[in-house]
Amino acid sequence: AAAAKAPVKKNPKVANVSVQLEMKALWDEFNQLGTEMIVTKAGRRMFPTFQVKIFGMDPMADYMLLMDFVPVDDKRYRQVRRYAFHSSSWLVAGKADPATPGRVHYHPDSPAKGAQWMKQIVSFDKLKLTNNLLDDNGHIILNSMHRYQPRFHVVYVDPRKDSEKYAEENFKTFVFEETRFTAVTAYQNHRITQLKIASNPFAKGFRDCDPEDWPRNHRPGALPLMSAFARSRNPVSSPAHQNGTEKDAAESRREFEREAGGTALHQAEAAHQQLMS
(Lines give C-alpha, C1' and ligand atoms only; values in the text may rest on other atoms or scores of the structure.)
Protein backbone atom coordinates (compact mmCIF):
# COMPACT_ATOMS: atom_id res chain seq x y z
CA ALA A 1 0.00 0.00 0.00
CA ALA A 2 1.17 3.52 -0.75
CA ALA A 3 2.51 5.41 2.22
CA ALA A 4 0.15 8.03 3.63
CA LYS A 5 1.08 11.59 2.79
CA ALA A 6 2.85 13.20 5.72
CA PRO A 7 0.93 16.10 7.26
CA VAL A 8 2.24 19.51 6.30
CA LYS A 9 4.14 21.24 9.07
CA LYS A 10 2.41 24.54 9.66
CA ASN A 11 4.15 27.90 9.90
CA PRO A 12 4.50 28.92 13.58
CA LYS A 13 2.51 32.05 12.70
CA VAL A 14 -0.60 29.84 12.29
CA ALA A 15 0.40 26.66 14.16
CA ASN A 16 -0.33 28.26 17.54
CA VAL A 17 -3.64 29.85 16.52
CA SER A 18 -6.74 28.55 18.29
CA VAL A 19 -10.35 29.53 17.81
CA GLN A 20 -13.38 29.53 20.10
CA LEU A 21 -16.88 29.45 18.59
CA GLU A 22 -19.10 32.15 20.04
CA MET A 23 -22.74 31.43 20.98
CA LYS A 24 -21.87 27.73 21.14
CA ALA A 25 -24.84 26.95 23.40
CA LEU A 26 -27.21 28.45 20.82
CA TRP A 27 -25.54 26.58 17.95
CA ASP A 28 -25.87 23.37 20.00
CA GLU A 29 -29.56 24.05 20.53
CA PHE A 30 -30.13 24.52 16.79
CA ASN A 31 -27.95 21.52 15.97
CA GLN A 32 -30.04 19.24 18.18
CA LEU A 33 -33.13 20.23 16.19
CA GLY A 34 -31.36 20.07 12.83
CA THR A 35 -30.20 23.57 11.84
CA GLU A 36 -31.74 25.10 8.71
CA MET A 37 -30.48 28.19 6.88
CA ILE A 38 -32.58 30.11 4.39
CA VAL A 39 -31.16 30.64 0.89
CA THR A 40 -32.76 33.16 -1.47
CA LYS A 41 -32.06 34.52 -4.91
CA ALA A 42 -31.06 37.89 -3.45
CA GLY A 43 -28.97 36.32 -0.67
CA ARG A 44 -29.79 35.84 3.03
CA ARG A 45 -27.64 36.32 6.11
CA MET A 46 -27.02 33.39 8.43
CA PHE A 47 -28.60 33.09 11.84
CA PRO A 48 -27.00 32.24 14.16
CA THR A 49 -24.21 34.44 12.80
CA PHE A 50 -20.83 32.72 12.60
CA GLN A 51 -18.66 34.43 15.23
CA VAL A 52 -15.34 33.41 16.74
CA LYS A 53 -12.79 34.53 19.32
CA ILE A 54 -9.21 34.04 18.14
CA PHE A 55 -6.10 33.32 20.24
CA GLY A 56 -2.41 32.68 19.58
CA MET A 57 -1.78 34.93 16.59
CA ASP A 58 1.44 36.92 16.23
CA PRO A 59 0.17 40.39 17.21
CA MET A 60 2.35 42.13 14.61
CA ALA A 61 1.79 39.73 11.70
CA ASP A 62 -0.89 40.21 9.03
CA TYR A 63 -3.66 37.66 8.62
CA MET A 64 -6.63 37.16 6.34
CA LEU A 65 -9.77 35.43 7.61
CA LEU A 66 -12.13 33.63 5.27
CA MET A 67 -14.92 31.08 5.17
CA ASP A 68 -16.15 28.50 2.73
CA PHE A 69 -18.88 25.86 2.79
CA VAL A 70 -18.48 22.21 1.81
CA PRO A 71 -21.18 19.56 1.33
CA VAL A 72 -21.56 17.20 4.27
CA ASP A 73 -22.40 14.34 1.90
CA ASP A 74 -23.47 13.59 -1.68
CA LYS A 75 -27.20 13.48 -0.94
CA ARG A 76 -30.29 15.61 -1.46
CA TYR A 77 -32.90 15.58 1.31
CA ARG A 78 -36.61 16.04 1.80
CA GLN A 79 -38.63 16.71 4.92
CA VAL A 80 -41.41 14.35 6.02
CA ARG A 81 -44.18 14.44 8.66
CA ARG A 82 -44.69 18.19 8.57
CA TYR A 83 -47.39 18.48 11.21
CA ALA A 84 -47.82 21.44 13.51
CA PHE A 85 -47.12 19.62 16.77
CA HIS A 86 -45.22 16.52 15.70
CA SER A 87 -41.54 16.03 15.09
CA SER A 88 -40.41 16.00 11.50
CA SER A 89 -37.41 14.28 10.03
CA TRP A 90 -35.17 14.41 7.00
CA LEU A 91 -35.04 11.57 4.50
CA VAL A 92 -32.57 11.09 1.68
CA ALA A 93 -34.38 12.05 -1.54
CA GLY A 94 -31.64 11.12 -3.96
CA LYS A 95 -28.20 11.94 -5.24
CA ALA A 96 -26.88 15.46 -4.68
CA ASP A 97 -27.45 18.06 -7.39
CA PRO A 98 -24.40 19.17 -9.40
CA ALA A 99 -21.92 21.04 -7.22
CA THR A 100 -22.33 24.80 -6.99
CA PRO A 101 -19.42 27.16 -7.78
CA GLY A 102 -16.84 26.96 -4.99
CA ARG A 103 -16.72 30.39 -3.40
CA VAL A 104 -15.04 31.88 -0.37
CA HIS A 105 -16.02 34.86 1.76
CA TYR A 106 -13.26 37.11 3.07
CA HIS A 107 -13.89 38.95 6.30
CA PRO A 108 -14.07 42.59 5.12
CA ASP A 109 -11.37 43.69 7.59
CA SER A 110 -8.81 41.37 5.94
CA PRO A 111 -5.88 41.70 6.01
CA ALA A 112 -5.28 42.93 9.56
CA LYS A 113 -2.74 42.52 12.33
CA GLY A 114 -3.09 39.62 14.73
CA ALA A 115 -3.52 42.12 17.56
CA GLN A 116 -6.61 43.56 15.87
CA TRP A 117 -8.22 40.17 15.23
CA MET A 118 -7.61 39.00 18.81
CA LYS A 119 -8.89 42.07 20.63
CA GLN A 120 -12.56 41.44 19.85
CA ILE A 121 -15.06 38.87 18.61
CA VAL A 122 -14.81 38.37 14.85
CA SER A 123 -18.24 38.30 13.22
CA PHE A 124 -19.12 37.16 9.70
CA ASP A 125 -22.40 39.07 9.78
CA LYS A 126 -22.13 40.29 6.17
CA LEU A 127 -21.88 36.80 4.68
CA LYS A 128 -24.93 35.87 2.60
CA LEU A 129 -26.22 32.57 1.24
CA THR A 130 -27.96 32.27 -2.13
CA ASN A 131 -29.39 29.56 -4.38
CA ASN A 132 -28.88 31.71 -7.49
CA LEU A 133 -26.33 29.92 -9.65
CA LEU A 134 -25.88 33.12 -11.69
CA ASP A 135 -25.26 35.33 -8.63
CA ASP A 136 -22.79 38.13 -9.40
CA ASN A 137 -22.71 39.66 -5.90
CA GLY A 138 -20.11 37.27 -4.53
CA HIS A 139 -22.58 35.52 -2.21
CA ILE A 140 -22.02 31.89 -1.21
CA ILE A 141 -24.00 29.69 -3.64
CA LEU A 142 -25.65 26.59 -2.14
CA ASN A 143 -28.14 23.97 -3.31
CA SER A 144 -31.41 23.97 -1.40
CA MET A 145 -32.22 20.74 0.52
CA HIS A 146 -28.52 19.86 0.78
CA ARG A 147 -26.42 19.77 3.96
CA TYR A 148 -23.32 21.93 4.41
CA GLN A 149 -20.41 22.36 6.80
CA PRO A 150 -19.03 25.90 7.24
CA ARG A 151 -15.23 26.06 7.47
CA PHE A 152 -13.18 28.90 8.93
CA HIS A 153 -9.67 29.57 7.64
CA VAL A 154 -6.83 31.70 9.03
CA VAL A 155 -4.26 32.69 6.39
CA TYR A 156 -0.92 34.22 7.38
CA VAL A 157 0.15 36.96 4.95
CA ASP A 158 3.70 35.80 4.28
CA PRO A 159 5.94 38.74 3.26
CA ARG A 160 8.39 36.50 1.35
CA LYS A 161 8.44 37.10 -2.41
CA ASP A 162 8.01 33.38 -3.13
CA SER A 163 5.28 33.04 -0.49
CA GLU A 164 2.95 31.10 -2.80
CA LYS A 165 5.32 28.13 -2.49
CA TYR A 166 4.47 28.05 1.22
CA ALA A 167 0.69 28.45 0.84
CA GLU A 168 -0.07 25.06 2.33
CA GLU A 169 1.82 25.78 5.54
CA ASN A 170 0.54 29.36 5.89
CA PHE A 171 -3.10 28.58 6.63
CA LYS A 172 -5.01 26.76 9.33
CA THR A 173 -8.59 25.48 9.07
CA PHE A 174 -11.17 25.18 11.85
CA VAL A 175 -14.38 23.15 11.60
CA PHE A 176 -17.17 23.26 14.19
CA GLU A 177 -19.56 20.38 13.53
CA GLU A 178 -22.34 22.05 15.53
CA THR A 179 -22.58 24.72 12.79
CA ARG A 180 -23.68 22.23 10.10
CA PHE A 181 -26.99 23.04 8.48
CA THR A 182 -29.46 22.16 5.73
CA ALA A 183 -30.01 24.88 3.13
CA VAL A 184 -33.73 25.55 2.57
CA THR A 185 -35.89 28.10 0.76
CA ALA A 186 -38.47 27.93 3.58
CA TYR A 187 -38.13 26.51 7.08
CA GLN A 188 -39.20 22.87 7.19
CA ASN A 189 -39.17 22.35 10.96
CA HIS A 190 -41.50 24.59 12.94
CA ARG A 191 -39.25 24.23 16.00
CA ILE A 192 -36.39 25.81 14.05
CA THR A 193 -38.70 28.71 13.15
CA GLN A 194 -39.69 29.15 16.79
CA LEU A 195 -36.08 29.04 18.00
CA LYS A 196 -34.98 31.58 15.38
CA ILE A 197 -37.79 33.95 16.38
CA ALA A 198 -36.98 33.49 20.08
CA SER A 199 -33.23 34.00 19.59
CA ASN A 200 -32.96 36.63 16.86
CA PRO A 201 -33.46 40.26 17.97
CA PHE A 202 -34.45 41.17 14.39
CA ALA A 203 -36.86 38.27 13.95
CA LYS A 204 -40.23 39.95 14.28
CA GLY A 205 -42.18 38.48 11.41
CA PHE A 206 -39.07 36.42 10.74
CA ARG A 207 -40.58 34.08 8.16
CA ASP A 208 -41.90 36.90 6.01
CA CYS A 209 -39.17 39.49 6.46
CA ASP A 210 -35.84 39.56 4.68
CA PRO A 211 -32.94 41.03 6.72
CA GLU A 212 -32.78 43.77 4.08
CA ASP A 213 -36.12 44.98 5.48
CA TRP A 214 -34.71 45.46 8.99
CA PRO A 215 -35.05 48.97 10.47
CA ARG A 216 -32.39 51.15 8.89
CA ASN A 217 -30.66 51.93 12.19
CA HIS A 218 -30.16 48.19 12.83
CA ARG A 219 -29.12 47.21 9.33
CA PRO A 220 -25.42 46.43 8.81
CA GLY A 221 -24.18 48.40 5.81
CA ALA A 222 -22.87 46.24 3.00
CA LEU A 223 -21.84 46.98 -0.55
CA PRO A 224 -20.54 44.15 -2.72
CA LEU A 225 -16.92 44.35 -3.77
CA MET A 226 -15.21 41.94 -6.16
CA SER A 227 -11.54 41.45 -5.53
CA ALA A 228 -8.71 40.25 -7.73
CA PHE A 229 -9.43 36.77 -6.41
CA ALA A 230 -12.91 36.96 -7.90
CA ARG A 231 -11.58 38.16 -11.23
CA SER A 232 -9.21 35.23 -11.48
CA ARG A 233 -11.26 32.17 -10.55
CA ASN A 234 -13.38 32.14 -7.43
CA PRO A 235 -15.87 34.94 -6.73
CA VAL A 236 -15.42 36.51 -3.33
CA SER A 237 -17.82 38.32 -1.09
CA SER A 238 -15.99 41.19 0.58
CA PRO A 239 -18.39 44.00 1.51
CA ALA A 240 -17.30 47.59 1.94
CA HIS A 241 -17.19 49.26 5.32
CA GLN A 242 -20.35 50.89 6.62
CA ASN A 243 -19.44 54.47 5.85
CA GLY A 244 -17.60 53.76 2.60
CA THR A 245 -18.77 53.48 -0.95
CA GLU A 246 -18.21 50.74 -3.46
CA LYS A 247 -15.81 53.05 -5.32
CA ASP A 248 -13.85 53.86 -2.14
CA ALA A 249 -13.68 50.21 -1.18
CA ALA A 250 -12.52 49.17 -4.64
CA GLU A 251 -9.86 51.88 -4.55
CA SER A 252 -8.69 50.72 -1.12
CA ARG A 253 -8.44 47.16 -2.37
CA ARG A 254 -6.43 48.27 -5.41
CA GLU A 255 -4.11 50.27 -3.16
CA PHE A 256 -3.54 47.24 -0.99
CA GLU A 257 -2.86 45.06 -4.02
CA ARG A 258 -0.32 47.57 -5.31
CA GLU A 259 1.39 47.88 -1.93
CA ALA A 260 1.51 44.16 -1.22
CA GLY A 261 1.81 43.10 -4.83
CA GLY A 262 -1.43 41.22 -4.37
CA THR A 263 0.47 38.85 -2.08
CA ALA A 264 -2.28 38.21 0.43
CA LEU A 265 -4.95 37.52 -2.18
CA HIS A 266 -2.65 35.21 -4.11
CA GLN A 267 -1.79 33.34 -0.93
CA ALA A 268 -5.42 33.00 0.04
CA GLU A 269 -6.29 31.72 -3.42
CA ALA A 270 -3.45 29.21 -3.33
CA ALA A 271 -4.49 28.08 0.14
CA HIS A 272 -8.10 27.63 -0.94
CA GLN A 273 -7.05 25.62 -4.00
CA GLN A 274 -5.05 23.37 -1.67
CA LEU A 275 -8.11 22.98 0.56
CA MET A 276 -10.42 22.11 -2.31
CA SER A 277 -7.95 19.54 -3.64
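Residues numbered from 1 in each chain as written. Predicted model: local features only at pLDDT ≥ 70, side-chain atom pairs only at ≥ 80, totals over all residues. Heavy atoms only, no water.

An unreviewed UniProt entry annotates the protein chain as TBX1A factor of Mohoua ochrocephala. According to the UniProt record, the Subcellular location (unreviewed entry) comment for the protein chain is "Nucleus". (UniProt positions renumbered as here; feature names shortened; annotations may be inferred.)

Moving on, we come to the sheet that holds strand β3 (residues 44-45). Pairing in this open sheet of 3 strands is mixed, and the strands run β3-β11-β12 from one edge to the other. Each edge of the sheet is formed by a strand with only one pairing partner; in this case those strands are β3 and β12 (140-141). Pairing analysis gives 2 bridges linking β3 to strand β11 (residues 128-130), with the strands arranged antiparallel. Of the residues in β11, the one forming a bridge with Arg45 is Lys128. (Pairing = 2+ DSSP bridges. Helix = DSSP H or I, 4+ residues; strand = E, 2+ residues; numbered from the N terminus.)

Buried residues of helix α2 (residues 24-33): Leu26, Trp27 and Phe30, and no others. The buried residues of α2 occupy an angular sector of 100° when projected down its axis, which confines them to one face. Seen from the open side of α2, the exposed residues pointing more than 90 degrees away from its buried face are Ala25 and Gln32. Packed against the buried residues of α2 are β1 (18-21), β2 (36-38) and α4 (190-199). Count one or two residues on from α2 and you reach Gly34, which has phi positive near 100°. (Buried < 20%, exposed > 50% of the residue type's maximum accessible area, 1.4 Å probe, protein only. Arc of directions from axis to C-beta. Contact = heavy atoms within 4.5 Å.)

Here we take up the confidence of the model for the protein chain. For the protein chain, the mean per-residue pLDDT works out to 78, and 68% of the residues sit at or above 70. With pLDDT under 50 throughout, residues 210-245 is counted as low confidence; its partners more than four residues away or in other chains account for 85 contacts. Low pLDDT (under 50) marks residues 251-262, which in the prediction has 15 contacts with non-local residues, meaning those over four places away or in another chain. (pLDDT = per-residue confidence, 0-100.)

Here we take up unusual backbone geometry. Each neighbour pair has its own omega, and for Phe47 with Pro48 the value is 0°, a cis peptide bond. Along the polypeptide, Pro48 turns up in the loop between β3 and β4 (51-55). That bond from Ser110 to Pro111 is cis: its omega, -10°, falls within 30 degrees of zero. Take Pro111: it is sitting in the loop between β8 (104-106) and β9 (112-113). For Met23, which is not a glycine, the phi torsion comes out positive at approximately 55°. Examined against the element boundaries, Met23 turns out to sit in the loop between β1 and α2. Overall, the relative accessible area of 33% leaves Met23 in the partly exposed class. Positioned with a positive phi, Met145 is a non-glycine residue whose angle comes to about 65°.

Pairing is antiparallel in the open sheet, where 3 strands are placed in the order β1-β4-β10. At either margin of the open sheet sits one strand with a lone partner, and together these are β1 and β10 (122-123). Bridge count for β4 against β10 is 2 bridges, and the pairing is antiparallel. By the bridge assignment for β10, Val52 is matched with Val122.

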